[in-house]
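# A structural walkthrough
Each chain, letter by letter, is given below.
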Amino acid sequence: MTTIDHSKLPTFDELPAFKNFPGCAWGVWGSDDQLGTINLLTEEVVKRAAQEEIRTGRTVCLNWPINFPSRPVFGRKIPHIESRNKGDPAVNDDEIYLNTQSGSQWDGLKHFGIREHLMFYNNTPDASMPKGHFEFPDPNNLDPQVLKLGIHNWAQHGICGRGVLLDMVKYFTDVEGSLPYDPWTSHAITVADLEACAQREGVEFRTGDILLLRVGFIQKYYAVSQEDRDGLRAGKHKETFAGIEQSDDMKRFLWNNHFAAIASDQPALERWPPVQGKPHMHQTILGLWGMPIGEFFDLEPLSKACAELGRYTFFFSSWPLNSLGGIASPPNAAAYL
């Protein structure tokens with residue numbers, strides 16, 4: 001891994017372009033890097049976060065049960081969880097079949113590339129990444145092409161550091177009296193919105209923060225009818241969601257604050273679908289920067305805890321599935337206050 005002084009990282013506008021995409025961070029941590037912005041989570045960053053943020057011993061789960069949503073969006077496989085008796089008295093197993101992006105998830109570096117150029121993080125051609133079913137009978141003989149950019153890199157490093165919650169639902173409700181948008185419609189959260197929320201919470205960002213955005217999807221999921229929930233997959237709400245805007249200003253905000261990762265409670269971190277003519281933010285965040293994107297994080301209990309304690313920073317830990325060459329993973333995430 002290339003050693004870099006993180007106090008001297010280039011700004012977004014100092015980064016080179018990749019063809020028609022500005023802000024390409026390939027090579028910032030070396031030509032062979034497979035961690036991306038997780039490189040920002042150094043031992044010192046983790047140590048400082050743990051020392052400063054774990055004050056009460058209170059812990060909060062950030063994972064929605066893998067059963068939800070019961071009808072995943074974007075056509076993904078419905079979770080199948082089956083309990084079985086092993087054939088012996090009072091001995092049971094369960095078997096779980098799920099798409100790693102059906103619920104709470106990290107999008108890994110193999111999930112979303114620069115689509116028009118068929119490239120992934122750090123100049124990795126889509127054609128160079130094998131597709132299909134892989135078995136690993138010999139742990140001493142692993143195919144590096146299958147492993148490249150796999151989620152196991154983050155799993156073996158850990159995604160741990162200072163977490164920051166921007167509770168957009170609470171912010172808008174406090175300031176405007178109600179939420180001025182429907183989380184299940186295509187609405188853009190702007191940089192100005194994020195900065196105003198951070199200011200109201202008294203949050204000052206620092207390099208390596210893990211940014212969590214509560215936008216309102218899960219809160220609404222619990223409040224509506226089953227008909228509306230089912231309609232997410234095929235109905236009036238199908239695949240329209242609030243999220244961060246697709247803009248160069250948003251790219252500058254995310255890169256220049258040098259977040260290690262970003263996640264929200266929405267099915268897509270970014271406004272969905274994107275505005276016509278605007279490239280997906282996934283392409284920049286994952287493909288150009290190598291920054292983890294979290295979606296469907298359950299931030300309801302964390303929102304309550306932060307409001308009760310009057311602070312919106314905490315120690316964050318996440319240990320994704322150690323799936324060799326994996327594309328995505330449930331986050332196995334928690335906040336420690």
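Up top is the structure these notes are about.
A few points on the structure. This one's a predicted model, so the numbers in the text were calculated from it and none came from an experiment. (Residues numbered from 1 in each chain as written. Predicted model: local features only at pLDDT ≥ 70, side-chain atom pairs only at ≥ 80, totals over all residues. Heavy atoms only, no water.)

A few words on the overall build of the protein chain. Each helix and strand counted, the protein chain has 10 helices and 15 strands in total. By the compact-globule yardstick of 20 Å for 337 residues, the protein chain fits well, its C-alpha radius of gyration being 20 Å. In terms of its C-alpha atoms, the protein chain occupies a principal-axis envelope of roughly 55 × 50 × 45 Å. Taking all 337 residues of the protein chain together, the buried fraction comes to 52%. In the protein chain, the share of contacts with a sequence separation of at least 24, taken over all contacts with a separation of at least 6, comes to 79%. Working note: accessible area of the protein chain is about 15,100 Å², and carbon and sulfur atoms make up 48% of it. Of the side-chain charges in the protein chain, 31 are positive and 42 negative, and the distance between the mean point of each set is 2 Å. (Helix = DSSP H or I, 4+ residues; strand = E, 2+ residues; numbered from the N terminus. Rg over C-alpha atoms; globule rule 2.2 N^0.38 Å. Buried < 20%, exposed > 50% of the residue type's maximum accessible area, 1.4 Å probe, protein only. Contact = heavy atoms within 4.5 Å. Areas by Shrake-Rupley, 256 points an atom, 1.4 Å probe, with all protein chains shown as cover. Lys, Arg positive; Asp, Glu negative; His and termini not counted. Charge placed at Lys NZ, Arg CZ, Asp CG, Glu CD.)

Turning next to the pairing of strand E3 (residues 92-97). Inspection of the sheet shows strand E2 (residues 80-85) paired to E3 by six bridges, in the antiparallel sense. Bridging from a neighbouring strand, Asn85 pairs with Asn92 of E3. (Pairing = 2+ DSSP bridges.)

A separate point is the pattern of salt bridges. Applying the stated criterion across every chain yields a total of 17 salt bridges. The residue Arg206 makes a salt bridge to Glu52 at a minimum N-O spacing of 3.1 Å. Here Arg206, found in the loop between helix H5 (191-201) and strand E9 (210-214), pairs with Glu52, found in helix H1 (residues 43-53); they are 154 residues apart in sequence, far enough to count as distant. Between Glu53 and Arg311 there is a salt bridge, with the nearest N and O atoms lying 3.3 Å from each other. You can see Glu53 sitting in helix H1 and its partner Arg311 sitting in the loop between helix H10 (300-309) and strand E13 (313-318), a full 258 residues away along the chain. For Glu53, a relative accessible area of 3% gives the class buried. Classification of Arg311 by relative accessible area gives buried; the value is 10%. Linked by salt bridges that have partners in common, Asp13, Asp249 and Arg252 make up one network. (Salt bridge = Lys/Arg side-chain N within 4 Å of Asp/Glu carboxyl O.)

Following the sequence through the fold, His152 ends up in helix H3 (residues 152-157). By relative accessible area, His152 is classed as buried at 6%. Residues His152 and Leu321 lie 169 residues apart in sequence; the distance between their C-alpha atoms is 6.9 Å. In contact with His152, not counting residues within four places along its chain, are Leu147, Asn322, Ser323, Leu324 and Gly325.

Here we take up helix H4 (residues 168-176). Listed in full, the buried residues belonging to H4 are Met168, Val169, Tyr171 and Phe172. Buried residues of H4, viewed axially, fall in a sector of 165°; they line one side. Where H4 is buried, its residues meet strand E7 (161-167), strand E8 (188-189), H5, E9 and helix H6 (217-223). Backbone geometry just downstream of H4 places Gly177 in the positive-phi region, at approximately 90°. (Arc of directions from axis to C-beta.)

A word on the nonpolar core. One finds Leu62, Leu212, Leu254, Ile285, Trp289, Leu302 and Phe316 to be the most contacted residues of the largest nonpolar core, which totals 76 residues. Every residue in contact with Leu62, bar those within four places of it in the chain, is listed here: Ser104, Leu212, Phe297, Asp298, Leu299, Leu302, Phe316, Ala333, Ala334 and Ala335. In terms of nonpolar packing, the next biggest core, distinct from the first, is built from 12 residues, Val73, Ile218, Phe241 and Trp272 among them. (Core = buried A, V, L, I, M, F, W, Y, C linked by side-chain atoms within 4.5 Å.)

Time to look at the packing of aromatic side chains. The full count for this structure, using the stated rule, is 25 aromatic pairs. For the pair Phe12 and Trp289, a centre-to-centre distance of 6.5 Å together with 80° between the ring planes defines the contact as edge-to-face. Residue Phe12 is located in the segment before H1, and its partner Trp289 is located in the loop between helix H9 (281-288) and strand E12 (293-295); the two are separated by 277 residues in the primary sequence. Note on accessibility: Phe12 and Trp289 belong to one class, buried. Grouped by ring-pair contacts, the aromatic residues Trp64, Phe68, Phe74, Trp184, Phe217, Tyr221, Tyr222, Phe241, Trp272 and Phe296 constitute a single cluster. The residue whose ring lies beneath Arg229 is Tyr221, and the NZ or CZ to ring-centre distance is 5.4 Å. (Phe/Tyr/Trp six-rings, centres within 6.5 Å; stacked < 30°, edge-to-face > 60°. Lys NZ or Arg CZ within 6 Å of the ring centre and 35° of its normal.)

What follows covers the side chain of Glu295. Among the structural elements, Glu295 can be located in strand E12. As a buried residue without a salt bridge, Glu295 has its nearest oppositely charged side chain in Arg76, at a separation of 5.7 Å. Within the local environment of Glu295, its side chain forms a polar contact with the backbone nitrogen of Leu269, the two atoms lying 3.1 Å apart. Among the polar contacts listed, one links the side chain of Glu295 to the side chain of His282, at a separation of 3.1 Å. Residues contacting Glu295, with those up to four places away along its chain left out, are Gly103, Ser104, Gln105, Asp107, Ser264, Gln266, Pro267, Ala268, Leu269 and His282. (Polar contact = N/O pair within 3.5 Å; in protein donor to acceptor, adjacent residues only side chain to side chain.)

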